[in-house]
Structure formats: structure tokens, C-alpha cells
Amino acid sequence: MSEQKFLPFALPDIGEDEINEVVDALRSGWVTTGPKTKQFEADFAQFIGDGVEAIAVNSATAGLHLALEAIGIGPGDEVIVPSYTFTATAEVVRYLGAHPVCVDMDAATFNISPEAIRAAITAKTRAIMPVHFAGLACEMDEIIAIAREHGLKVVEDAAHALPTYYKGKLVGTLDSDVTVFSFYANKTMTTGEGGMVVSKNKDIIARCKVMRLHGISRDAFDRYVSKTPAWFYEVVAPGFKYNMPDTAAAMGIHQLKKIRRFQELREAMAQRFDRELADLPLILPARPKDAGSNHAWHLYPVRIKPEAGVSRDDFIARMAEKGIGCSVHFIPLHRQPVWRDGYQLTREQFPVTDAAFEAEVTLPLYTRMTDDDQSRVIAAVREILSA
């Protein structure tokens, strides 16, 4: 009997349409930000709807930085973020000389706790940055109400949340100031590296557009394809180099067309996991509790109960021995040296987050998984936890 191939934690789902579009970009001679990026931005804005505008960038991290800069975050300001997130959420706050204030999570959802947000607000607080963990929307009505009560901005880190609905509205159309999506290789759709800034606020969009490319007042694509001499430009701010190239946008054009089908496949796999793992000593992922809400299922995070008799780390090691890749999302910010030591953070300050981290493991879930692949994962989990 031949040995089974290793089943990775995630793989992008890229087809001939994406490949052909990238080749077309290469053959066109326009490989940096140009016509395909403009098309991708227009398509994305239309997909999100509700009058938003979209700005393509080279990563969601870049998008979050642009968003915070555009809403006026600066030195000494405080931005409330969850400890249960990737470091990018906090690091962009420091880029601007401001301070990330980490708070605890909701025990059921892994999302930022509104109660913890309220407790963390000070005279220096300027914004809240909720992260829609794994693809499940935060309690945005409550978060936006808190922000309005205290005159704060809201920047949604929607790296996991395409397409996520919250009470009938697509994330990106909620009443926040700006939303940022990720197209990293393992996300629900990919451009390899990339992200999108989405907002209804024209001033925010205009600022992001200028700061995305060195603070130049004119779009490079417009200058270079002009039929009349158009070499003149002005640098109006010390901007950044965050533009998305056409080679990446070419992938995004076709990935976006598939995103509904991708979500349906992820939903079906999540439902199967729910059914076939329900009797094991696991806490399965929370599902949306409100009508009109859904889950994007970027991740399928479970927590191993104490009665399982196996630690999270041992579980991951034993899954690897069976040829199956798992991961952990995330090592909380309060455990990372730069934030722990820089802000004197302790585990006792984040009891819910810390307990969740100790038990959390993310099982493989991606659209290239076959039924047999998922059966392998389920069988391995059952064998380890039923021993």
C-alpha cells in the first residue's frame, strides 16, 4: 500500500482563467498598477455594493496602515485591538506612532469583546479595530454604538471576512469608517499578496489613493497612457509604496468571480466537520446567531477540551505524523515579546484569550480539498481523540 501524500493546511484554488489573465498582463507590457488593477477595483466595489469605493493595495497590512493614516491616527493616540489576532493588526498602529491597546475576546466567537472595548477606552482612544475572526462577523452594532458614544472611528480588519454577512449586510457596507480585506495566499480568495481598502467616505478613499503611491497627486497609469504630454506631477504628502501590480490584480479579477462558489464549498465542509466531530471532546466553531448573517469559513478553529486527554501541541504533532497539516490561529499579541514586553502585558489580563489559545487548533479547510481529503482529516481527528 502506497503512503498517502501529506495533506497541507491550506492551498490556493487557482484555475486557467487566472493563469491566462496573468499571462495577458505580462504580454501587455503593463505589469505594475494599470488597467487590470483598475478593473479589479471596479469589480470589487460593485461586488461589495452600497456605493463603496475600493483601493487595491499590495497587502492587507498596507491597507490597514493607509486606513488608520487616512482617519488621522497619529503619535500618542490609542487604537483598541483584540489580543487574539495576527501581529499586523497592532503593528500598523505603531507605524503611525500610536499605541495598540489589546483587549480580551468573546469566549464563544474568538472575536473582540464589546465589554472589553468599553473598559479600555481612555481620553487618548481614537479608534477601534475589530477583527472578524475566521470569517464570523464581530458584534458590529454594539461596537459601532460604542464608537459613536465616544466619538471614535472604526476600522474593520476583514482579512478573514470575504464574503461575510452581518444581519443581512455584507461586511464592507456596515456603518464603520473603512474596511480592509486580505488576498494573501491562504485567504478565501487570493492575488498571491494583496488587499483592498473599502469605504463610502470619499475623503478616506482620496487620502488612501494619494498615500498608496508616494503621496503623488496623479495616478501613474493615467500619466503614462495619456495621449498628450502629462509628465508633470506633485508630491503632496510623504506617502508609501503600497500599490497592487496588474499581475496580482489579474488573479483577483477571476478569483472574485468564484468567491460565492468558494464560500458555498467552505460552508459545506464546515457543516460536515460539525456533523462528524460533534461527539468528540472538542469545542466546535461558533456559528452566526443573527438572521441574515453567515460565515466565510476562512478558518475552521476548534478547541480541545481538557477531558480529551491530549494537549493541543501533542494533537498537532500526531496529526502531522498522520500526514495532515494543522495550524494555530493565533499566538495572541500579549504572548508576543514585542507587545508583551513593550506594553507590560500579562496572561492574567486576557483570561479568555489565553485559555482559548492553549486549546485552539485550526483544521485544514480549503476549496481544493476533496471529500476523501476531508475524510482523512475526520478519521485522524477521531482516532486521536477517541483513543
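Relevant structure appears above.
What comes next is a walk through the structure. Nothing here was measured: the structure is a model prediction, and the numbers come from that model. (Residues numbered from 1 in each chain as written. Predicted model: local features only at pLDDT ≥ 70, side-chain atom pairs only at ≥ 80, totals over all residues. Heavy atoms only, no water.)

**Thoughts on the overall build of the chain**
Item 1. Looking only at helices and strands, the chain features 13 helices and 12 strands.
Item 2. Computed over C-alpha atoms, the radius of gyration of the chain comes to 21 Å, within 12% of the 21 Å expected from 2.2 N^0.38 for 387 residues, which places it in the range of a compact globule.
Item 3. Accessible surface, the chain as shown: approximately 16600 Å² in total, 52% of it carbon and sulfur.
Item 4. Side chains of the chain carry 42 positive and 51 negative charges; the gap between the two charge centres is 3 Å. (Helix = DSSP H or I, 4+ residues; strand = E, 2+ residues; numbered from the N terminus. Rg over C-alpha atoms; globule rule 2.2 N^0.38 Å. Areas by Shrake-Rupley, 256 points an atom, 1.4 Å probe, with all protein chains shown as cover. Lys, Arg positive; Asp, Glu negative; His and termini not counted. Charge placed at Lys NZ, Arg CZ, Asp CG, Glu CD.)

**Quick look at the sheet that holds strand β10 (residues 282-283)**
Item 1. Judged by pairing direction, the sheet is antiparallel, and its three strands sit side by side in the order β10-β11-β12 without closing on themselves. Edge positions in the sheet fall to β10 and β12 (360-363), since each has one partner strand and no second.
Item 2. In the sheet, β10 pairs with strand β11 (residues 300-304) via two bridges, with the strands oriented antiparallel. For L282, the partnering residue across the bridge sits in β11 and is I304.
Item 3. Sheet strands touched by helix α9 (residues 246-277): β10, β11 and β12. Its angle to β11, the strand with the most contacts, is close to 20 degrees.
Item 4. Sitting on the sheet, helix α10 (residues 312-321) is in contact with β11 and β12, with an inclination near 25 degrees to β12. (Pairing = 2+ DSSP bridges. Contact = heavy atoms within 4.5 Å. Axes fitted to C-alpha atoms, helices over the stretch in contact; angles between N-to-C directions.)

**Quick word on the sheet that holds strand β3 (residues 99-103)**
Strands in a sheet are paired, the pairing made by backbone hydrogen bonds, and the direction either parallel or antiparallel.
Item 1. Pairing within the open sheet is mixed, and its seven strands lie in the order β1-β9-β8-β5-β4-β2-β3. One side of each edge strand has no neighbouring strand; the edge strands of this open sheet are β1 (53-57) and β3. Along the sheet, successive strands turn relative to each other by an average axial angle of 25 degrees, direction set aside.
Item 2. Sheet strands touched by helix α4 (residues 88-95): β2 (78-82), β3 and β5 (153-158). Its angle to β3, the strand with the most contacts, is close to 150 degrees.

**A few points about the nonpolar core**
Item 1. Judged by nonpolar contacts, the single largest core of 45 residues is most densely connected at F40, F44, I48, L162, F181 and F183.
Item 2. Listed by contribution, the elements that provide at least two residues to this core are α2 (35-48), β1, β3, α5 (114-120), α6 (140-150), β5, β9 (195-199) and α9.
Item 3. Among the elements that line this core, the one with the most residues is α9, at six residues.
Item 4. In contact with F183, not counting residues within four places along its chain, are F40, F44, L162, M189, T190, T191, G192, E193, G194, G195, M196 and M244. (Core = buried A, V, L, I, M, F, W, Y, C linked by side-chain atoms within 4.5 Å. Buried < 20%, exposed > 50% of the residue type's maximum accessible area, 1.4 Å probe, protein only.)

**Observations regarding the packing of helix α3 (residues 60-70) against α4**
Item 1. Running from N to C, α3 and α4 point in directions that differ by 45 degrees, and their axes come no closer than 9 Å. Classed by the angle they form, the pair α3 and α4 counts as oblique. Crossing of α3 against α4: the hand is right-handed. Across the interface between the two elements, T61, L64, H65 and L68 of α3 pack against A88, E91, V92, V93 and Y95 of α4.
Item 2. Of the residues in the contact of α3 with α4, the class split is six nonpolar, two polar and one charged. (Parallel < 35°, antiparallel > 145°, perpendicular 65-115°, else oblique. Left-handed = near helix turned anticlockwise from the far one by under 90°. Nonpolar A, V, L, I, M, F, W, Y, C, P; charged D, E, K, R; others polar.)

**Points about unusual backbone geometry**
Item 1. Between L162 and the following residue, P163, the backbone shows a cis peptide bond with an omega angle of -5 degrees.
Item 2. Relative to the assigned elements, P163 resides in the loop between β5 and β6 (165-166).
Item 3. Cis geometry marks the peptide bond from H329 to F330; its omega dihedral reads -5 degrees.
Item 4. Along the chain, F330 turns up in the loop between α10 and α11 (337-342).

**A few points about the side chain of R376**
Item 1. Summarising the element assignment, R376 is placed in helix α13 (residues 371-385).
Item 2. Despite its burial, R376 pairs with no opposite charge, the nearest such side chain being D373 at 5.1 Å.
Item 3. A polar contact is formed between the side chain of R376 and the side chain of Q4, at a distance of 3.3 Å. (Salt bridge = Lys/Arg side-chain N within 4 Å of Asp/Glu carboxyl O. Polar contact = N/O pair within 3.5 Å; in protein donor to acceptor, adjacent residues only side chain to side chain.)

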